[in-house]
Amino acid sequence: MSTFQIDFDKRDRVVGIDLGTTNSLVAFMDFTGPAIIPSANGGRLVPSVVSVNPGGEVVVGDEARQLLLTQPDRTVYSAKRLMGRGLDDIREDLKLFPFHIAEGSESVLQLQLGEQHLTPPEISAHVLRQLKRNAEAYLGETVTKAVITVPAYFNDAQRQATKDAGRIAGLEVLRLVNEPTAASLAYGLDKRKDGVVAVYDLGGGTFDISILKLQEGIFEVLATHGDTHLGGDDIDNLLLRIALEDIHSEWGMDLSSDNEGVQRLRRAVIAAKEKLSFAPSTVIELEYRGRKYSRGIDRALFDRLIAPIVDRTLGPCRECIKDAGVTVDQIDEVVLVGGSTRIPLVRTAVENLFRAKPHTDLNPDEVVALGAAVQAGILSGDVQDKLLLDVTPLSLGIETMGGVVSKLILRNSTIPASATESFTTAVDGQTNVLIHVLQGERELVKDCRSLARFDLKDIDPVPAGLARIEVRFLIDANGILNVTARDQRTGKEQSVDIKPSYGLTDEQVEKMILESVQKAEEDFHARQVREAQVEADNILRAVEKGKQNPAYSGLTEEERAAIEKAIHDLQAAYHSNDHHGINDKIEALNAATQKLAEDMMNTAVSSALRGTKI
Amino acid sequence: MTGYYELFGIERKLALDTALLQKRFYELSRELHPDRFARKSEAERQNALDASSRLNDAYRTLRDPVQRAMYVLAEEGFDIGEQRGKDVPPELLEEVFELNMALEELRNGDDSARPQLETAHRNFQEMLAGTSGQLETLFALWDADRSRETLVKIRAVLNRRKYVQNLVSEVEKHVHVSN
């Protein structure tokens, strides 16, 4: 419902989005500060689950999470794990997650959901579109600009995939912000005092640790580290495996190939995991196909089981402290982010490592989205006093002789960061030079991650070694690489042809945007038809009722015939799939029944008057 | 293009005031960071990207004593790329010879060389710490005398430092050294 709005500013609204592995949220900058935007049903978290119904309709969020039980083959969760990845990267994930890889995924990874083939960015785009719709409904305005958060340890391809998802969803992604850094913005830590802060972020599928220096509203990231495949999912899978083994021996049946059974059991272990964060013991329970499984688990056993997973976060923490050039004693505050930090063992481990009690004042599920809204406020100019200086998590290099990587931009460099390198030709008349760009800390090409191959084309054919092409590698504020090249002899801009090693080309993204616009139009049209039909139902029902009214018999023969005709016309148009046609017939029926409505009103008034003593 | 020192508006000294450098860095970041230009034209945003990446590169260079010295050496026309870290500094010849022997033994499965390598590792670490002190002294000297001779000395220390660093990582590859 519309209330009065104060339109004191023509600035475009920028929302902040936390596109999570398990749940996603959207937030905006309200007058009093950042606020989460609830969905229509009042929920604040939108499960990052997407399902495709047999009719082709796409369902997102809570509803899709339900469908995980009834149509698991058409439903996907934790798709964030696949962002910016190739088939070879996800072999391990495939053992643990029910991802249905579509055929032809060798070049671009695609999932099969029912009849549809969707790339991970397209799946994420469906989640983003849902958040966009929620924001538009809540704010009562169209939303086209967003800040989206990514794990700090995301590489270039994973970041690019996230940006692509935004574009496909019809959002201009003004900035990708690292999740732990966003969280630090939400905490308003700068207000307390200047100092050094560590942000420990353990989410559903990713782990990040960032160490920041805060000074007079500047949030300078000193170092970041992490693991993009470590999170609550791993704990779920561990418990799931144990429960499946139990069931195998108790029931004498292997449930692991029964998709629905696995999803029900997965729900049960997640419920148990969550319970153990505040209760000393609980029971994993499943009732399925007339059988019952029940297993008690206490905190001590749970801690013992998950200790190896929690331990995996500590190595990156130590590395990060070292890279930041600080000692543990110099860290003033520790902040916990991500749902998995509710686990007591995680809290204890963090407390032991940093020798400080971590902050947990803000809801760990919401703090990243709130921070994204603050960053959105910075970009739109609403927030003036804060500025985030983030870093690139991985070193950037190029392949040189012998398969060795020559590092150009070191990890933990403040972004934007750039490096310039000169290239020449090896053969007389050579007109192109291929540059292989990699990301990672290791020395050899085979141990680093291939980002892209850049082909410097149309070089003037000159004797070997004479050409001098200056190439500028620039990592922008999103942590995404841009490459430009210039021929130093002629001074002209050199064309660069990019072949991303993973992920989508620009053309592919453009095509998806077009398709999604088409689909959006179809969706819009379908909604208009549906709305017209609802209105037609209402008026038809009202007229039917009116015909029972004494006023109806007071109408002339012609008037009644006109009403019958209008009813008939509307019923004929009802299934025409043309909302204009339906609306026209509604108008006509309205006109034909106007006299009836007036008469009914008069009867009602006079009967009301009759009952009143003056 | 403006030099790094001019960018920060600070005096071209090797022994520079890093607190002042940080203060200027923050001030300039508030002015130049792309966040400040998100609503501006494409051209202005591109300019902000260029300017802030250069600011960050400059800060990264000047903040670190070794990077800073290399930057000044390059500006003064010294060749710092090729030679660095390749020739054995004469005073280290003997030590490096023994180290290579010990590494060879270890590679051949002779574990008795391990303690010797651990000692070498400690020595090299100390040497690195020592070069930091030497650089500090030479920085102050150059700020006062601005002589080429001092820069030559600085380059020699940097080369030795690079060489020792390579030795340290070589040892660490073979021996897990706990600190």
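Conventions we followed
Residues numbered from 1 in each chain as written. Chains lettered and ligands numbered in written order. Predicted model: local features only at pLDDT ≥ 70, side-chain atom pairs only at ≥ 80, totals over all residues. Helix = DSSP H or I, 4+ residues; strand = E, 2+ residues; numbered from the N terminus. Buried ≥ 20, exposed ≤ 12 C-beta atoms within 10 Å, placed from the backbone. Contact = placed C-beta atoms within 7 Å. Nonpolar A, V, L, I, M, F, W, Y, C, P; charged D, E, K, R; others polar. Pairing = 2+ DSSP bridges. Axes fitted to C-alpha atoms, helices over the stretch in contact; angles between N-to-C directions. pLDDT = per-residue confidence, 0-100. Core = buried A, V, L, I, M, F, W, Y, C linked by C-beta atoms within 7 Å. Expected span 1.5 Å × (residues − 1). Parallel < 35°, antiparallel > 145°, perpendicular 65-115°, else oblique. Left-handed = near helix turned anticlockwise from the far one by under 90°.

1. A look at the overall build of chain A
Reasoning step 1: A tally of regular secondary structure across chain A gives 17 helices and 27 strands.
Reasoning step 2: For chain A, the residues scored as buried account for 43% of the 614 residues in total.
Reasoning step 3: In chain A, the share of contacts with a sequence separation of at least 24, taken over all contacts with a separation of at least 6, comes to 68%.

2. So, the overall build of chain B
Reasoning step 1: The number of helices and strands found in chain B is 7 helices and 0 strands.
Reasoning step 2: For chain B, the N- to C-terminal ordering of α and β elements is α-α-α-α-α-α-α.
Reasoning step 3: Taken across its 179 residues, chain B has 26% of its residues classed as buried.
Reasoning step 4: Sequence-distant contacts in chain B: of pairs separated by 6 or more residues, those separated by 24 or more amount to 61%.

3. Overview of the interface of chain B and chain A
Reasoning step 1: Each partner contributes residues to the interface: chain B has 14 residues there, and chain A has 17 residues.
Reasoning step 2: Taken together, the elements giving at least two residues each to the side of chain B that touches chain A come down to helix 2 (18-32) and helix 3 (42-63) of chain B.
Reasoning step 3: Broken down by element, the residue count for the side of chain B that touches chain A peaks at 6 residues, all from helix 3 of chain B.
Reasoning step 4: Of the residues contributing to the side of chain B that touches chain A, the split by class is 4 nonpolar, 5 polar and 5 charged.

4. Side note on unusual backbone geometry
Residues and elements named next belong to chain A.
Reasoning step 1: Cis peptide bonds are those with omega within 30 degrees of zero, and the linkage from isoleucine 415 to proline 416 qualifies with 0°.
Reasoning step 2: Assignment of secondary structure puts proline 416 in the loop between strand 20 (404-409) and strand 21 (417-423).
Reasoning step 3: Even without glycine at this site, asparagine 412 takes up a positive phi of about 65°.
Reasoning step 4: With respect to the helices, strands and loops of the structure, asparagine 412 is situated in the loop between strand 20 and strand 21.

5. So, the sheet that holds strand 7 (residues 75-76) of chain A
Residues and elements named next belong to chain A.
Reasoning step 1: With antiparallel pairing, 3 strands are arranged side by side in an open sheet as 6-5-7. Of all strands in the sheet, those bounded by a partner on one side alone are strand 6 (58-60) and strand 7.
Reasoning step 2: As paired strands, strand 5 (residues 50-52) and strand 7 are joined by 2 bridges and run antiparallel to one another. Following the sheet pairing, serine 51 is matched in strand 7 by threonine 75.
Reasoning step 3: Packing against the sheet, helix 1 (residues 62-70) makes contact with strand 5, strand 6 and strand 7, and its axis sits at approximately 105° to strand 6.
Reasoning step 4: Sheet strands in contact with helix 3 (residues 120-139) are strand 5, strand 6 and strand 7, and its direction is about 65° off that of strand 6.

6. Observations regarding the sheet that holds strand 23 (residues 449-456) of chain A
All names here are of chain A.
Reasoning step 1: The 5 strands lie next to each other as 20-19-22-23-27, forming an open sheet whose pairing is antiparallel. Two strands lie at the open edges of the sheet, namely strand 20 and strand 27 (496-500), each paired on one side alone. Between one strand and the next, the sheet's axes are offset by a mean angle of 30°, whatever the strand orientation.
Reasoning step 2: Pairing between strand 22 (residues 433-439) and strand 23: 7 bridges, direction antiparallel. Counted as the bridge partner of leucine 438 is serine 450 from strand 23.

7. Points about the pairing of strand 13 (residues 207-215) of chain A
Residues and elements named next belong to chain A.
Reasoning step 1: Extensive coverage of strand 13 is indicated by the burial of 7 of its 9 residues.
Reasoning step 2: In the sheet, strand 13 pairs with strand 14 (residues 218-227) via 9 bridges, with the strands oriented antiparallel. Across the sheet, isoleucine 211 pairs through a bridge with alanine 223, a residue of strand 14.
Reasoning step 3: Where strand 13 folds back onto strand 14 in an antiparallel hairpin, the turn is made up of 2 residues, including glutamate 216, whose phi is positive at roughly 45°.

8. Some remarks on the confidence of the model for chain A
Reasoning step 1: In the predicted model, chain A carries a mean pLDDT of 87, and the fraction of residues at 70 or more is 94%.
Reasoning step 2: In the model, residues 1-9 of chain A has pLDDT below 50 throughout and makes 1 contact with residues more than four positions away in sequence or in other chains.

9. Focus: helix 5 (residues 179-186) of chain A
Residues and elements named next belong to chain A.
Reasoning step 1: The buried fraction of helix 5 is high, at 8 of 8 residues.
Reasoning step 2: Taken as a whole, helix 5 has its buried residues at Glu179, Pro180, Thr181, Ala182, Ala183, Ser184, Leu185 and Ala186.
Reasoning step 3: Within two residues after helix 5, glycine 188 carries a phi angle of roughly 55°, on the positive side.

10. Concerning the nonpolar core
Residues and elements named next belong to chain A.
Reasoning step 1: Counting residues in each nonpolar core, the largest one holds 145 residues, and the members touching the most others are Val15, Ile17, Ala27, Val147, Ala369, Ala372 and Ala373.
Reasoning step 2: Among the elements that line this core, the one with the most residues is helix 12 (residues 367-380), at 10 residues.
Reasoning step 3: Beyond its immediate sequence surroundings of up to four residues, valine 15 is in contact with Val26, Ala27, Phe28, Ala135, Val143, Ala146, Ala373 and Ala376.
Reasoning step 4: Counting 13 residues, the second-largest nonpolar core is a separate cluster that includes Ala532, Ile563, Leu570 and Leu596.

11. Notes on the confidence of the model for chain B
Reasoning step 1: Summary statistics for chain B give a mean pLDDT of 85 and a share of 93% for residues scoring 70 or more.
Reasoning step 2: With pTM at 0.81, the complex prediction returns an ipTM value of 0.86.

12. What to know about helix 6 (residues 114-145) of chain B
Residue and element names in this part refer to chain B.
Reasoning step 1: With 32 residues, helix 6 extends 46 Å from end C-alpha to end C-alpha; this agrees with the ideal 46 Å at 1.5 Å per step.
Reasoning step 2: All of the buried residues in helix 6 are Leu117, Ala120, Phe124, Leu135, Leu138, Phe139 and Trp142.
Reasoning step 3: Of the surrounding elements, those touching the buried residues of helix 6 are helix 4 (65-75), helix 5 (93-107) and helix 7 (148-174).

13. So, the packing of helix 9 (residues 299-311) of chain A against helix 11 (residues 344-354) of chain A
All names here are of chain A.
Reasoning step 1: Contact pair helix 9 / helix 11: the axes reach a minimum separation of 10 Å and the direction vectors enclose 50°. By the angle between their directions, the pair helix 9 and helix 11 is classed as oblique. Here the hand of the crossing between helix 9 and helix 11 comes out right-handed. Contacts from Asp303, Ile306, Ala307 and Val310 of helix 9 reach helix 11 at Leu345, Val346 and Ala349.
Reasoning step 2: Grouping the constituent residues of the contact of helix 9 with helix 11 by class yields 6 nonpolar, no polar and 1 charged.

14. A short note on the pairing of strand 2 (residues 23-30) of chain A
All names here are of chain A.
Reasoning step 1: Along strand 2, 7 of the 8 residues are buried, which leaves the element largely enclosed by surrounding structure.
Reasoning step 2: With 4 bridges connecting them, strand 1 (residues 14-19) and strand 2 associate as antiparallel partners. Looking at the pairing, isoleucine 17 lines up with valine 26 of strand 2.
Reasoning step 3: What sits between strand 1 and strand 2 in their antiparallel hairpin is a turn of 3 residues.
Reasoning step 4: Sheet topology places strand 2 next to strand 4 (residues 46-47); 2 bridges connect them, and they run antiparallel. In the sheet register, serine 24 faces strand 4, and the bridge partner there is valine 46.
Reasoning step 5: Pairing of strand 2 with strand 3 (residues 33-36), which is carried by 4 bridges, proceeds in the antiparallel orientation. Across the sheet, the residue bridging to alanine 27 is isoleucine 36, located in strand 3.

15. Structural notes on the environment of phenylalanine 78 of chain B
Reasoning step 1: Within the secondary structure, phenylalanine 78 of chain B is located in the loop between helix 4 and helix 5.
Reasoning step 2: Ignoring anything within four residues of it in the chain, the contact list for phenylalanine 78 of chain B reads Leu73, Leu151 and Arg155 of chain B.

16. With respect to the environment of isoleucine 435 of chain A
All names here are of chain A.
Reasoning step 1: Counting through the fold element by element, isoleucine 435 comes out in strand 22.
Reasoning step 2: Owing to 19 C-beta atoms within 10 Å, isoleucine 435 belongs among the partly exposed residues under this scheme.
Reasoning step 3: Along the sequence, isoleucine 435 and arginine 453 sit 18 residues apart, while their C-alpha atoms lie 5.6 Å from each other.

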